[in-house]
Amino acid sequence: MSIDQRPHGRGWIDVHHHIAPEAYLREAGPGVGAALKRWSLAKSIEDLDEGGIATAILSVTQLAKHIASDEQRRRLARQCNDEAATIVADHPTRFGMFVALPLPDIDGTLKEIEYGLDVLKADGVGMYTSYHDKWLGDPAFDPVFAELNRRKAVIYVHPATPDCCRNLMPGVADSAIEYGTDTTRAITRVVFSGASQRFPDLRIIWSHAGGTMPFLIERFVRMAQQRDYAALLPQGFMQEARRFFYDTAQVANHTALTCAREVIPDANFVFGSDFPYRTAKEHVEGLERCGVFDGRQLDAIARGNIERLLPRHASAR
């Protein structure tokens, strides 16, 4: 199959597909995992073809968090974005991109948003659940949220491990527990800080079906009813949580999706594969076999739901 030939079938759009630009690999050094070290454009395209994926929206998994210099972080973000934009330009029917941002550098981030969305014409921006020990929704990020809200931008959020919680358990990777937990922290910070109310036009995609949030929903619903939050959240936590979108990466199974579906509307699930850590094929098969969604709902998850956020991909089948 040629690299720009679209597969038949549902024509899934994958919003959770990582790349490892050369600049990223240089800066991240020995901390880069084996999956990213093995990444190549050819392997991305092979994964799309094997999974029946029409389009993948590219993102950098974590922008070398150990970098302390704002200047260095800005330079790395720009290099990663330019490399992703080249891939999109070369294969516009197979790829889109989310802009890598040099947070927590606010000024640099605002400049990269302008460059990425206005010059590179990216589909949205990529953010992480936390930066050091500040979570999305913290007032420190308000200038960035205000600009993205003004643009009605799509924000794809990938989990991170905050400084407080690295290497807590010997032999257990941070990603196994902390990624889901940090996604939950970020969702609750965005809601209970009032950010989701102050910036109502943000269109946020949370990874991994919201982490542990669906399982902990009773606690958050009750918390929103307390005196401290009742005025801030007059329609409760659930109303805010249901405004967001959630991808299916690492949760394409009956147990996780049954729980998530109690909280997340069917119209707000979007497809994610977590390539190169996982494959699109196993996620497509997991969704089709788990028994949670019927054919019409799977069609919406495959592309219909995300087409509302990324309409330029709507005709690309």
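Computed from a predicted structure; not experimentally measured.

Before going further, it helps to spend a moment on the overall build of the chain. Looking only at helices and strands, the chain features 14 helices and 10 strands. For 317 residues, the compact-globule formula gives about 20 Å, and the C-alpha radius of gyration of the chain, at 18 Å, lands near that figure. Based on the C-alpha atoms only, the size of the chain along its principal axes is roughly 60 × 50 × 45 Å. Burial statistics for the chain: of 317 residues in total, 56% are counted as buried. A sequence separation of at least 24 residues applies to 77% of the contacts in the chain between residues at least 6 apart. For the chain, the accessible area works out to roughly 13,400 Å², and carbon and sulfur atoms hold 51% of it. If the 37 positive side-chain charges of the chain are averaged to one point and the 41 negative ones to another, these points end up 3 Å apart.

All right, on to the sheet that holds strand β1 (residues 12–19) then. Pairing is parallel across the open sheet formed by 8 strands, whose spatial order is β1-β2-β3-β4-β7-β8-β9-β10. This sheet does not close on itself; its edge strands, each paired only once, are β1 and β10 (269–270). The sheet contact formed by strand β3 (residues 95–99) and strand β4 (residues 124–128) spans 2 bridges and is parallel. Looking at the pairing, Phe-98 lines up with Gly-124 of β4.

Ranked by internal contacts, the top residues of the largest apolar core, which has 88 residues, are Met-127 and Phe-237. The contact partners of Met-127, leaving out residues within four places of it in the chain, are Leu-101, Leu-103, Leu-136, Val-144, Phe-145, Leu-148, Ile-155, Tyr-156, Val-157 and His-158.

What follows deals with the pattern of salt bridges. Following the criterion strictly, the structure yields 20 salt bridges and no others. Between Arg-10 and Asp-299 there is a salt bridge, with the nearest N and O atoms lying 2.6 Å from each other. Here Arg-10, found in the segment before β1, pairs with Asp-299, found in helix α14 (residues 295–307); they are 289 residues apart in sequence, far enough to count as distant. Of the residues examined, Arg-10 reaches a relative accessible area of 23% and is grouped as partly exposed. Given the relative accessible area of 39%, Asp-299 is considered partly exposed. We note a salt bridge from Glu-147 to Arg-150, for which the minimum N-O separation is 2.8 Å.

In this section: the pairing of strand β8 (residues 203–206). Note: strand β7 (residues 154–158) against β8, 4 bridges, orientation parallel. Bridging across to β8, Ile-155 finds its partner in Ile-204. Bridging between β8 and strand β9 (residues 245–247) involves 2 bridges; their strand directions are parallel. Paired with Trp-206 across the strands is Tyr-246, a residue of β9.

By the element assignment, Trp-12 lies in strand β1. Along the chain, Trp-12 and Ala-280 lie 268 residues apart, while their C-alpha atoms are 9.4 Å from each other. Apart from residues no more than four positions distant in its own chain, Trp-12 is found in contact with Gly-51, Gly-52, Ile-53, Ala-54, Thr-55, Phe-271, Val-284, Leu-287, Glu-288, Leu-298, Ile-301 and Ala-302.

Here we come to the state of the cysteines. Under the criterion given, the structure shown has 0 disulfides. This cysteine, Cys-259, is not joined by any disulfide, and Cys-290 carries the nearest cysteine sulfur, 14 Å off. Using a relative accessible area of 27% as the deciding quantity, one classes Cys-259 as partly exposed.

Residue Pro-104 is bonded to the preceding Leu-103 through a cis peptide linkage, with omega at 10°. With respect to the element layout, Pro-104 can be found in the loop between β3 and α5 (106–119). Positive phi is not limited to glycine here, since Lys-121 has a value of about 60°. Structurally, Lys-121 is set in the loop between α5 and β4. Its relative accessible area of 58% is what places Lys-121 among the exposed residues. Of note in the backbone geometry, Ala-209 takes a positive phi value of approximately 55° without being a glycine. As for its placement among the helices and strands, Ala-209 is situated in the loop between β8 and α9 (217–224).

Procedures and definitions
- Residues numbered from 1 in each chain as written.
- Predicted model: local features only at pLDDT ≥ 70, side-chain atom pairs only at ≥ 80, totals over all residues.
- Heavy atoms only, no water.
- Helix = DSSP H or I, 4+ residues; strand = E, 2+ residues; numbered from the N terminus.
- Rg over C-alpha atoms; globule rule 2.2 N^0.38 Å.
- Buried < 20%, exposed > 50% of the residue type's maximum accessible area, 1.4 Å probe, protein only.
- Contact = heavy atoms within 4.5 Å.
- Areas by Shrake-Rupley, 256 points an atom, 1.4 Å probe, with all protein chains shown as cover.
- Lys, Arg positive; Asp, Glu negative; His and termini not counted.
- Charge placed at Lys NZ, Arg CZ, Asp CG, Glu CD.
- Pairing = 2+ DSSP bridges.
- Core = buried A, V, L, I, M, F, W, Y, C linked by side-chain atoms within 4.5 Å.
- Salt bridge = Lys/Arg side-chain N within 4 Å of Asp/Glu carboxyl O.
- Disulfide = S-S within 2.5 Å.

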